[in-house]
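Given next are the chains, with one letter for each unit.
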Amino acid sequence: MATGVETEVKTGQVLPSLAKDVSQRRIDVYSGVKPRSIHSDKAWARQKGFRTCVKLLGPGFARGGTMSMAFIKPVYAGDRLTVHGIIKDKQPDNGATRVVVEVWVENQDGEKTAVGHASGLVS
Amino acid sequence: MAGPRALTEFKKLTLDSLQLGDEFVSDDHLVLPEDIEAHGFAVEDDHPWLAEKLAPPTLMDNQALHLRHSKYLVHAGLHARMEFSFVEPIQLGMRVRTRGKVIDNYERRGKPYMVTEYVTEDETGRVLVRGQFTQMIISEPEAAHGHGC
């Protein structure tokens, strides 16, 4: 699914960052509330060696998109995450253009919590 | 009338109990409007997916991530890596399921990991999402059972 927008993307272009506050409520909704989960049970999470509950986020593209992320540091309830992206490549792909974005996520302390890349088709 | 069916037997998930080549299949799931609304809330995604009758591409990733729960007692775990290829959009009202297979297991820096490849498909078998994820196995077999993710 080409988006029909962003036709002027340039390799090396820094994308606007996106900040999100990771609340326990959102973690519960995402992961499903269970009696014992490191995502929703603070005591259980601490027993497993984390300082509080753990969260993941995931962007995506509806058709033809790809995403590959490595999670290198836990994200905790109460963290503020900022997603960063830089356009790394543009390639022709079946009549559209595949835009490859290097993506990384930092917490409020500037620590990287996830790194990877994503791609999508634009017309 | 069909006879009684064998109940699923769950094993504690450890690096030793995990079988390479193990195959999983989820239950079918009907994509509901509230699934899309809940996902949007959870990840602060304000794209009007519901108005477009589409689901966010990552809507069913929990169905894939929970595949191992269909055979194992998962004490706790962490997701180390996820890869997705969004082949076709997941749509509102679709009935979808996910199939997976364990393709690797290993120990790194004293921590056990498992790698599962999976496809999410609609009820005709059309592939919607293809992917692979690496999960850490956290074993504590003597403690009270809990559901880690």
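Residues numbered from 1 in each chain as written. Chains lettered and ligands numbered in written order. Predicted model: local features only at pLDDT ≥ 70, side-chain atom pairs only at ≥ 80, totals over all residues. Heavy atoms only, no water.

> I tried to follow the overall build of chain B on my own but got confused; where do I start?
The helix and strand tally for chain B stands at two helices and eight strands. In chain B, the order of α-helices and β-strands from amino to carboxyl end is β-β-β-α-α-β-β-β-β-β. Seen along its three principal axes, the alpha-carbon backbone of chain B occupies a region of about 50 × 50 × 30 Å. The buried share of chain B, reckoned over its 149 residues, is 47%. Looking at chain B as shown, the accessible area adds up to about 7,800 Å², and 50% of this sits on carbon and sulfur atoms. Considering chain B, the positive charge centre built from 16 side chains and the negative charge centre built from 24 side chains are found 6 Å apart. (Helix = DSSP H or I, 4+ residues; strand = E, 2+ residues; numbered from the N terminus. Buried < 20%, exposed > 50% of the residue type's maximum accessible area, 1.4 Å probe, protein only. Areas by Shrake-Rupley, 256 points an atom, 1.4 Å probe, with all protein chains shown as cover. Lys, Arg positive; Asp, Glu negative; His and termini not counted. Charge placed at Lys NZ, Arg CZ, Asp CG, Glu CD.)

> What's the story with the environment of L73 of chain B in this structure? I'm lost.
Residue position: L73 of chain B is located in strand β4 (residues 72–73). Separated by 64 residues in the primary sequence, L73 of chain B and E9 of chain B place their C-alpha atoms 9.6 Å from one another.

> How should I be thinking about the pairing of strand β5 (residues 112–122) of chain A in this particular structure?
Along any regular strand the residues' side chains alternate between the sheet's two faces. Residues and elements named next belong to chain A. In terms of residue burial, β5 counts as a mostly covered element, since eight of its 11 residues are buried. Strand direction decides the pairing type here: strand β4 (residues 96–106) and β5, joined by 10 bridges, are antiparallel. Paired with E102 across the bridge in β5 is H117. What sits between the antiparallel neighbours β4 and β5 is a turn of five residues, in which G110 has the positive phi angle 80°. (Pairing = 2+ DSSP bridges.)

> Whenever I open this one, the packing of aromatic side chains confuses me. Can you help?
The geometry of an aromatic ring pair is captured by two quantities: the separation of the ring centres and the angle between the planes. Residue and element names in this part refer to chain B. Per the counting criterion, the structure on display carries four aromatic pairs over all chains. A ring pair is formed by F84 and F86, whose centres lie 5.5 Å apart and whose planes are at 15°; its orientation type is stacked. F86 shares its class with F84; the two are buried. With 5.4 Å between their ring centres and 40° between their planes, Y118 and F133 make a pair best called tilted. With Y118 in strand β7 (residues 111–122) and F133 in strand β8 (residues 127–138), the pair connects residues that are 15 residues apart, well separated along the chain. (Phe/Tyr/Trp six-rings, centres within 6.5 Å; stacked < 30°, edge-to-face > 60°.)

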